[in-house]
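Chains, contacts and geometry: an overview
Okay, here's what each chain looks like letter by letter:
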Amino acid sequence: MGIVVDIKGLQKSYTKGNPVLCVDELSIQKGTTTAVVGESGSGKTTLMRLIAGLESPELGSISLYGTIFTNPKKMVSPEKRQVGMVFQDHALFPHLTIYNNLAFGLSDKECIKDRVLELLSLVNLEGFENRYPHELSGGQQQRIALARALAPKPKILILDEPFSNLDTSLKLQLRNEVFSILKKTDITTLFITHDMDDAIYIADEIVVLKNGKIIQQGTIEELYNQPENLYIASLFSVLQILNFNQLEIFGYIPDKQKLYAIRQSDFKVNKESEFITDGIIIKSSYRGTDYLYTVKISNKYTFEFVSPQKLEGTIRIGFQKEDLLIFKNS
């Protein structure tokens, strides 16, 4: 497919001696959607701004389409990078019609009308060209913002938390539409988000940032099945950490240099398991599709698990060795 974004030894600081981003290596393949996931302050926005040319680094380089666009001695301006951006606040011009918002920045006057109509069709908003942004819903505004970013046919599209200001039902609808649009255009996309559910739905690959560093990069399957640490595993599902005493009650002999956890949904209830013990349900909460239970084992330790079954009283609870998540105890 070819590499569109290639980053080497990138470092950015806003105050002397305190780098907010240190990326040893990152590459993004042509035509893929890569989600950059992390908490607030993890370096997501800084990475986005560096790629777009809105910030310059102290160290390292950014190559786009095989050409160095950024290093400490070279800084190609944003308008020459062919990078389209969609911000969470839409950033539409309120005084311009939708047609003029989409036409803004297009230079080939003979084809502008055709391009605008093509974009409106792409985002399913045909007939909206004479409206103003305030006459559109939040989801419609976001689709127009996406269309405007695509208007000049950029080689890279950056989506900056595009769903964060939307309510849940509208977010799910727009997420489906954005996914469809990205697949139709086959554009290389960098999707900045703190929401792993959004990343899972839209992205081909996920990059996890924490404290300014990439702690794991891979497909969704790779991160889910082979998480590098407890933090990565916790992004996908709620975990139950099991201490050494609890593990021994199940019949598992732990390595005390390791940290052990299991996904709450991976416990086996009233089924044969490699490691099993008796427990007593002491609390239950119905959540629509399943129950969240608190169980006590050995009349001493409590923890939580999830099951679609309605349970009460004494149960047999266990797990398979393959479902146990084991990490370095750092």
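Residues numbered from 1 in each chain as written. Predicted model: local features only at pLDDT ≥ 70, side-chain atom pairs only at ≥ 80, totals over all residues. Heavy atoms only, no water.

**Concerning the overall build of the chain**
How we decide: Secondary structure follows DSSP: runs of H or I at least 4 residues long count as helices, runs of E at least 2 residues long count as strands, and numbering of each begins at the N terminus. A simple rule labels every residue: compare its accessible area, found with a 1.4 Å probe on the protein chains alone, to the largest value its type can have, and call it buried under 20%, exposed over 50%, or partly exposed in between. Residues count as neighbours in contact if any of their non-hydrogen atoms are within 4.5 Å of one another. Each accessible area is a Shrake-Rupley estimate made with a 1.4 Å probe; only the visible protein chains count as cover when residues are assessed.
Along the chain, the regular secondary structure elements total 9 helices and 19 strands. Taken over the C-alpha atoms alone, the chain extends approximately 75 × 45 × 35 Å along its principal axes. For the chain, the residues scored as buried account for 49% of the 330 residues in total. In the chain, of all internal contacts separated by at least 6 residues, the share reaching a separation of at least 24 is 62%. Counting every atom, the chain has about 16800 Å² of accessible surface; 47% of that belongs to carbon and sulfur.

**Some details on the packing of aromatic side chains**
Note the cut-off: A pair of Phe, Tyr and Trp rings is counted when the ring centres sit within 6.5 Å of each other, with Trp represented by its six-membered ring. The angle between the planes then sorts it: under 30 degrees is stacked, over 60 is edge-to-face, the rest tilted. Two limits define a charge over a ring: the Lys NZ or Arg CZ must be within 6 Å of the ring centre, and within 35 degrees of the ring normal.
Tallying each qualifying case throughout the model produces 17 aromatic pairs. With centroids separated by 6.5 Å and ring planes inclined at 55°, the aromatic side chains of Tyr-252 and Phe-319 adopt a geometry described as tilted. Of this pair, Tyr-252 sits in the loop between α9 (244–250) and β13 (258–263) while Phe-319 sits in strand β18 (residues 314–319); the two residues are 67 residues apart in sequence, bridging distant segments of the chain. Each member of the pair, Tyr-252 as well as Phe-319, carries the same accessibility label: buried. Through a chain of ring-to-ring contacts, the aromatic side chains of Phe-250, Tyr-252, Tyr-260, Phe-267, Phe-275, Tyr-286, Tyr-291, Tyr-293, Phe-303, Phe-305 and Phe-319 assemble into a single cluster. The ring of Phe-93 has Arg-148 lying over it, and the distance from NZ or CZ to the ring centre is 5.0 Å. Above the face of the Tyr-224 ring, Arg-263 is positioned so that its terminal group lies 3.7 Å from the ring centre.

**Section: the sheet that holds strand β4 (residues 59–64)**
To keep things clear, this is the line we draw: Any two strands are treated as partners once DSSP identifies two or more bridges connecting them. Helix axes are fitted only over the stretch in contact, all axes being lines through C-alpha atoms; the angle between N-to-C directions runs from 0 to 180 degrees.
Judged by pairing direction, the sheet is antiparallel, and its 5 strands sit side by side in the order β2-β1-β4-β5-β6 without closing on themselves. Two strands bound the open sheet, and with one partner strand each, they are β2 (18–29) and β6 (74–75). Lying on the sheet, helix α1 (residues 44–52) is in contact with β1 (3–15), β2, β4 and β5 (67–71); it crosses β1 at an angle near 120°.

**Some words on the pairing of β5**
By the bridge criterion, 3 bridges tie β4 to β5 in an arrangement that is antiparallel. Among the inter-strand pairings, Leu-64 is bridged to a residue of β5, identified as Thr-67. Between the end of β4 and the start of β5, which pair antiparallel, lie 2 residues, with Tyr-65 showing a positive phi angle near 55°. As paired strands, β5 and β6 are joined by 2 bridges and run antiparallel to one another. What sits directly across from Asn-71, in β6, is Lys-74.

**Considerations on helix α5 (residues 168–185)**
Convention followed: By this rule, a helix spans an expected 1.5 Å times one less than how many residues it contains.
For α5, with 18 residues, the first-to-last C-alpha span of 26 Å sits near the 26 Å given by 1.5 Å per residue. Turning to α5, its buried residues number three or more, namely Lys-171, Leu-174, Arg-175, Glu-177, Val-178, Ile-181 and Leu-182. Positioned one or two residues after α5, Asp-186 has a phi angle of 55°, which is positive.

**Here we look at the sheet that holds strand β14 (residues 268–269)**
With antiparallel pairing, 5 strands are arranged side by side in an open sheet as β14-β18-β15-β16-β17. Of all strands in the sheet, those bounded by a partner on one side alone are β14 and β17 (301–307).

**Considering the side chain of Asp-160**
Note the following rule: Charge counting follows a simple rule: Lys and Arg are positive, Asp and Glu are negative, and His as well as the terminal groups are ignored. The salt bridge criterion pairs a side-chain nitrogen of Lys or Arg with a carboxyl oxygen of Asp or Glu, the two atoms within 4 Å.
For Asp-160, the location among the structural elements is in strand β8 (residues 156–160). Although buried, Asp-160 forms no salt bridge, and the nearest oppositely charged side chain, Lys-44, lies 7.3 Å from it. For Asp-160, the residues in contact, after removing those within four places along its chain, are Met-48, Val-86, Phe-87, Gln-88 and Ile-192.

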